[in-house]
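Each chain is listed here by its residues.
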Amino acid sequence: TAPKERHYRIHYGATGYSYETIFKDYLAGAEEITVEDPYIRAHHQIVNFLRFCETAVRITKPKRIVLVTSFDNTEERDEATAKLATIIDSLKPFDVQLEVRENARLHDREVRLSSGWTVKIGRGFDLYQRPDDWLQVGANDLDLRPCLETTVDIFPTK
C-alpha cells in the first residue's frame with residue numbers, strides 16, 4: 001500500500017517506535033536523504049544519527065545522506081566532526097555518501113526524503129528515554145525502548 005500522510009503523538013513511556021517503525025514506509029525509493037537537526041553533536045545524538053543511517057541503508061540504501069547541524073563551540077565541532085568522519089567512512093562500503101554541513105541558524109528538525117516525504121519529529125532522533133542500565137531490554141532494540149513525549153508529522157514535501 002502507498003504511504004499516507006500521518007500526524008501523531010508518541011506518549012511518554014510508549015514503546016514500538018524505532019526509526020524503522022517510523023520511517024520504513026517513507027524511505028522506499030529515497031536515493032537522497034537530508035537531515036536537518038541542530039542537535040547532532042553530543043555522543044548519544046551522534047549514535048542516534050548512526051542508528052538512523054543504519055536503518056536507511058537496510059531499507060533503501062540511499063546514494064547520499066546530507067546532515068545539516070550546528071555546534072556551540074570549536075571544541076564541540078572538532079569532537080563531533082571526528083565521530084561523524086567515522087560514520088562517513090563506515091558508509092563507504094555501502095556506496096552511501098554522507099555529507100556534513102553546518103548551519104548555525106538552524107532551529108527546526110526535519111528529515112526530507114527524495115521519495116517525496118518530509119518527516120518532522122518534535123525531538124528529532126532524540127526521542128528515547130535513557131535506559132537505567134545499558135544491559136536491559138530496550139537498550140539496543142529501539143522498538144522496546146520507552147520513548148519521551150513528542151509529536152511526529154509526516155507529509156508530502158512541497
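To be clear, the structure that these remarks concern was listed above.
Report on the accompanying structure. (Residues numbered from 1 in each chain as written. Predicted model: local features only at pLDDT ≥ 70, side-chain atom pairs only at ≥ 80, totals over all residues. Heavy atoms only, no water.)

With respect to the element layout, Thr118 can be found in strand β6 (residues 117-121). One polar contact links Thr118 to Thr157, side chain to side chain, over a distance of 2.8 Å. Aside from chain neighbours lying at most four places away, what touches Thr118 is Glu110, Val111, Arg112, Asp153, Ile154, Phe155 and Thr157. (Helix = DSSP H or I, 4+ residues; strand = E, 2+ residues; numbered from the N terminus. Polar contact = N/O pair within 3.5 Å; in protein donor to acceptor, adjacent residues only side chain to side chain. Contact = heavy atoms within 4.5 Å.)

Right, let's talk about empty space enclosed by the protein for a bit. Counted according to the given criterion, the structure contains one cavity of 30 Å³ or more. Taken as a whole, the largest cavity encloses approximately 70 Å³ of empty space. Lining of the largest cavity is provided by Phe23, Val35, Glu36, Asp37, Arg109, Glu110, Val111, Val119, Lys120, Ile121, Gly124 and Phe125. Here the lining of the largest cavity gets three residues from one element, more than from any other, and that element is β6. Across the lining of the largest cavity, the residue classes tally to six nonpolar, one polar and five charged. (1 Å grid on protein atoms, 1.4 Å probe; cavity = no way out; pocket = protein on both sides within 12 Å on 5 of 7 lines; lining within 4 Å. Points joined across faces, edges and corners; volume = space filled by probe spheres on them. Nonpolar A, V, L, I, M, F, W, Y, C, P; charged D, E, K, R; others polar.)

Now for the sheet that holds strand β2 (residues 32-36). If you trace the seven strands from one edge of the open sheet to the other, you get β1-β7-β6-β5-β2-β3-β4, paired in mixed fashion. The sheet is open, and its two edges are formed by β1 (6-10) and β4 (97-102), each paired on a single side. In this sheet, adjacent strand axes meet at a mean angle of 15 degrees when their direction is disregarded. With four bridges connecting them, β2 and strand β5 (residues 110-113) associate as antiparallel partners. Bridge pairing in β5 links Glu36 to Glu110. Of the strands in this sheet, β3 (64-69) and β4 touch helix α3 (residues 74-91), which is tilted by about 160 degrees from β4. (Pairing = 2+ DSSP bridges. Axes fitted to C-alpha atoms, helices over the stretch in contact; angles between N-to-C directions.)

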